[in-house]
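Commentary on secondary and tertiary structure
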Amino acid sequence: MMIMKKMSYVVLCAGLLLAASGAQAQLRVEITGIGSNQIPVAIANFANESAAPQSLSGIIKADLARSGVFKIIDGAEMSETAPVSYDQWKSRGADALAAGSVQAMADGRLDVRYKLYDTVKSAQLSSMNNAAAPQFNRLLAHKIADDIYEKLTGTKGAFATRIAYVTQTGREYRLEVADADGEGIQVALRSNEPIISPAWSPDGTKVAYVSFEKKKPIVYVQNLVTRQRTIVSNEKGSNSAPSWSPDGSRLAVALSRDGHTQVYTVNADGSGLRRVSNSSGIDTEPQFSADGQSIYFTSDRSGGPQIYRMSTSGGEAKRVTFGGSYNISPRISSDGKTLAYISRRDGNFQLYALDLASGQELRLSDTANDESPSFSPNGKYIMYATESGRRKSLAVVSVDGRVKQRLTTQAGNIKEPTWGPFMK
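Conventions and cut-offs
- Residues numbered from 1 in each chain as written.
- Predicted model: local features only at pLDDT ≥ 70, side-chain atom pairs only at ≥ 80, totals over all residues.
- Heavy atoms only, no water.
- Helix = DSSP H or I, 4+ residues; strand = E, 2+ residues; numbered from the N terminus.
- Rg over C-alpha atoms; globule rule 2.2 N^0.38 Å.
- Buried < 20%, exposed > 50% of the residue type's maximum accessible area, 1.4 Å probe, protein only.
- Contact = heavy atoms within 4.5 Å.
- Lys, Arg positive; Asp, Glu negative; His and termini not counted.
- Charge placed at Lys NZ, Arg CZ, Asp CG, Glu CD.
- Axes fitted to C-alpha atoms, helices over the stretch in contact; angles between N-to-C directions.
- Parallel < 35°, antiparallel > 145°, perpendicular 65-115°, else oblique.
- Left-handed = near helix turned anticlockwise from the far one by under 90°.
- Nonpolar A, V, L, I, M, F, W, Y, C, P; charged D, E, K, R; others polar.
- Expected span 1.5 Å × (residues − 1).
- Pairing = 2+ DSSP bridges.
- Core = buried A, V, L, I, M, F, W, Y, C linked by side-chain atoms within 4.5 Å.
- 1 Å grid on protein atoms, 1.4 Å probe; cavity = no way out; pocket = protein on both sides within 12 Å on 5 of 7 lines; lining within 4 Å.
- Points joined across faces, edges and corners; volume = space filled by probe spheres on them.
- Salt bridge = Lys/Arg side-chain N within 4 Å of Asp/Glu carboxyl O.

**Some thoughts on the overall build of the chain**
Secondary structure summary: the chain contains 4 helices and 31 strands in total. Over its C-alpha atoms the chain spans a radius of gyration of 22 Å, differing by no more than 12% from the 22 Å that the globule rule assigns to 424 residues. The burial tally for the chain puts 53% of its 424 residues in the buried class. If you take every contact in the chain between residues at least 6 apart in sequence, the share linking residues at least 24 apart comes to 45%. Charge centroids of the chain, computed over 49 positive and 41 negative side chains, lie 3 Å from each other.

**Observations concerning the packing of helix α2 (residues 56-67) against helix α4 (residues 137-153)**
Running from N to C, α2 and α4 cross one another at 45°; their axes reach a closest spacing of 9 Å. By the angle class used here, α2 and α4 are oblique. When the axes of α2 and α4 are compared, the crossing they make is right-handed. Counting all contacts with α2, which are made through Leu56, Ile59, Ile60, Asp63, Leu64 and Ser67, the residues of α4 involved are Asn137, Arg138, Ala141, His142, Ile144, Ala145, Ile148 and Tyr149. When the residues that make up the contact of α2 with α4 are grouped by side-chain class, the tally is 9 nonpolar, 3 polar and 2 charged.

**Some remarks on α2**
Compared with the 16 Å implied by 1.5 Å per residue over 12 residues, the 17 Å span of α2 between its first and last C-alpha is a close match. Counting buried residues in α2 gives 9 out of 12 residues, a clear majority hidden from the surface. Three or more residues of α2 are buried, namely Leu56, Ser57, Ile59, Ile60, Lys61, Asp63, Leu64, Arg66 and Ser67. Backbone geometry just after α2 places Gly68 at a positive phi near 80°.

**Re the pairing of strand β13 (residues 218-223)**
For β13, the buried fraction is high: 6 of the 6 residues fall into the buried class. Here β13 shows no split at all, with Ile218, Tyr220 and Gln222 on one side and Val219, Val221 and Asn223 on the other all buried. Taking the residues that link successive antiparallel strands as the turn, the strand β12 (residues 206-211)-β13 hairpin has 6 residues, and the phi of Lys215 there is positive, at about 70°. The pairing of β13 with strand β14 (residues 229-233) spans 4 bridges and is antiparallel. Bridge pairing in β14 places Tyr220 opposite Ile231. Remark: 5 residues form the turn of the hairpin made by β13 and β14, two consecutive strands paired antiparallel; Arg227 in that turn has positive phi of roughly 70°.

**Quick notes on the nonpolar core**
Core analysis: the largest hydrophobic core is formed by 43 residues, its most contacted members being Ile60, Leu64 and Ile148. Per-element tally for this core: the top contributor is α4, with 6 residues. What Ile148 contacts, discounting residues up to four positions off in sequence, is Ile43, Ile60, Leu64, Phe70, Ala98, Tyr114 and Leu116. Membership of the second largest hydrophobic core comes to 14 residues, among which are Leu175, Ile195, Val207 and Ile218.

**Some points on the sheet that holds β12**
If you trace the 4 strands from one edge of the open sheet to the other, you get β11-β12-β13-β14, paired in antiparallel fashion. Each edge of the open sheet carries a strand with a single partner, namely β11 (195-200) and β14. Ignoring which end each strand starts from, the neighbouring axes of this sheet average 25° apart. Where β11 lies against β12, 4 bridges are found, and the strand directions are antiparallel. Across the sheet, Ile196 pairs through a bridge with Val210, a residue of β12.

**Here we look at the layout of surface pockets**
Here the largest pocket is characterised by a volume of approximately 1,300 Å³. Gln287, Arg331, Ile332, Ser374 and Thr418 are the residues nearest the centre of the largest pocket, which is lined by 48 residues in total. Listed by contribution, the elements that provide at least two residues to the lining of the largest pocket are β11, β15 (239-244), β19 (283-288), β23 (327-332), β27 (371-375) and β31 (413-422). Per-element accounting of the lining of the largest pocket gives the leading share, 7 residues, to β31. Taken together, the residues of the lining of the largest pocket break down into 25 nonpolar, 17 polar and 6 charged.

**With respect to the pattern of salt bridges**
Where charged atoms from two side chains of opposite charge come close, those side chains can pair. Applying the stated criterion across every chain, the model contains 22 salt bridges. Arg257 is the partner of Asp258 in a salt bridge, and the nearest nitrogen-oxygen pair spans 3.9 Å. Sharing partners across several salt bridges, the network here consists of Glu172, Arg174, Glu176 and Arg190.

Everything listed here is a matter of coordinates, which is why it stays silent on function.
Structure, rendered in structure tokens:
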């Protein structure tokens, strides 16, 4: 069935108007592994795409190649209105073909059109028709790549998403936001004191984080559109590890206000603070479950740090991790089926994934000092921070461990990644 899509220009703008100063050095993305059974797809050069600031077809190819799921077959320039020779593309080994065009409009916007064809079934799969200002050229390309990914795999793509992370150069810390491919970097906050634990709001307009700018850890929420900041938690002692509820109304935080660190929830405006955990140990790193009914957290109540789950209203906590004696930093996939975490084994801190239904563990990294995992919104990839040669960088791995990427920057260390939601 052909599927027609049209994006709202207003929504498109609202998703990207991050009021921050100057672009920084771009992230370099290196693919170090690919998936098995790659889907061969031909991406034609869009007709008249020189009218756009950047090549849309080039961005689409880079997105799909980075996923590790597709084998990219180059195509000559081709408009979505041109007749398709299915036999010709099949003979070149393509199971699918994407073609499109760019047209400059009188009001300065670009009219971008695209169609996706199934060359095996000789049928059209999808089409999109969008108009946007030239500065949203990359987002349009990411949206098209997402559509191709979804139509050919059955899973939503995650190219039109953003990431946030912390960079450190000398004594300067920066909270930065970028497109999922590392382009379009914007600075949300600069500080001479550490910034840690950024977390995206479900609607993608805000980031919660911990800043030490007042010489103690305080939890803030920053609106990325208006740059307005709200102190969510500034209790006595440590305020740390914010995470959002799925509906964006609350955050879970770890506070030491009562002498030892426990899990609390608080409304997004800083009101309604409520203690959830109640143990004699340290309970920290809370994360809401996908349905918002439970909280996963790290606790040393059994002797060493392990991951537990309890109701958001408190009560009995059930241990979730049993492999290894040291498991921290729980993150849950959007479908609630997979738990990612960092486990220390044989002296190495490495990324693991746990199938919550079967209890089966899978080690996903081969490095020795991993931290801060974060799922892509489609649940197919995990981004995390790692260290190589005394330099911190980001890495991305598919949940089956086959596809691997590394993201580095020439200036300073990069750490504390968090993957934002789908951009609407």
